[in-house]
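# Fold and geometry: a report
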Amino acid sequence: MKKQAFKLLVKLNKVLLPSYYKKDPMKLTSLQKAILGFRYWALTNSMK
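All residue numbers refer to positions counted from 1 along the written sequence of the respective chain. Selection of residues for local features in this predicted model requires a pLDDT of at least 70, selection of side-chain atom pairs for listing and counting requires 80 or more, and totals for whole chains, interfaces and linings are taken over all residues. By convention in this description, side-chain values take in all heavy atoms of the structure and omit both hydrogens and water.

### Notes on the environment of K33
Counted only if it meets this: Comment: elements are numbered from the N terminus, with helices defined as DSSP H or I runs of at least four residues and strands as E runs of at least two. Exposure categories follow from relative accessible area, calculated using a 1.4 Å probe and restricted to protein chains: below 20% of the type maximum is buried, above 50% is exposed, and the middle band is partly exposed. Here, two residues are considered to be in contact whenever any of their heavy atoms come within 4.5 Å of each other.
Looking at the secondary structure, you find K33 in helix α2 (residues 30-47). The partly exposed category is assigned to K33, whose relative accessible area is 42%. When neighbours within four sequence positions are excluded, K33 is seen to be in contact with P25 and L28.

### So, the environment of A5
Assignment of secondary structure puts A5 in helix α1 (residues 2-16). Residue A5 is classed as partly exposed on the basis of its relative accessible area of 45%. As a C-alpha pair, A5 and N45 span 40 residues in sequence and 9.6 Å in three-dimensional space.

This is how it looks when you write it as structure tokens:
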């Protein structure tokens, strides 16, 4: 159940949040780094 919830969250992130795929992480603002970290956290939890 928990894994399915994270998979749904990853799909929502993909649609709603911007992607910083090709951006340099050192040049991102604090908010952009937080979004990137949240997307990473959700993705790693969906794979467990």
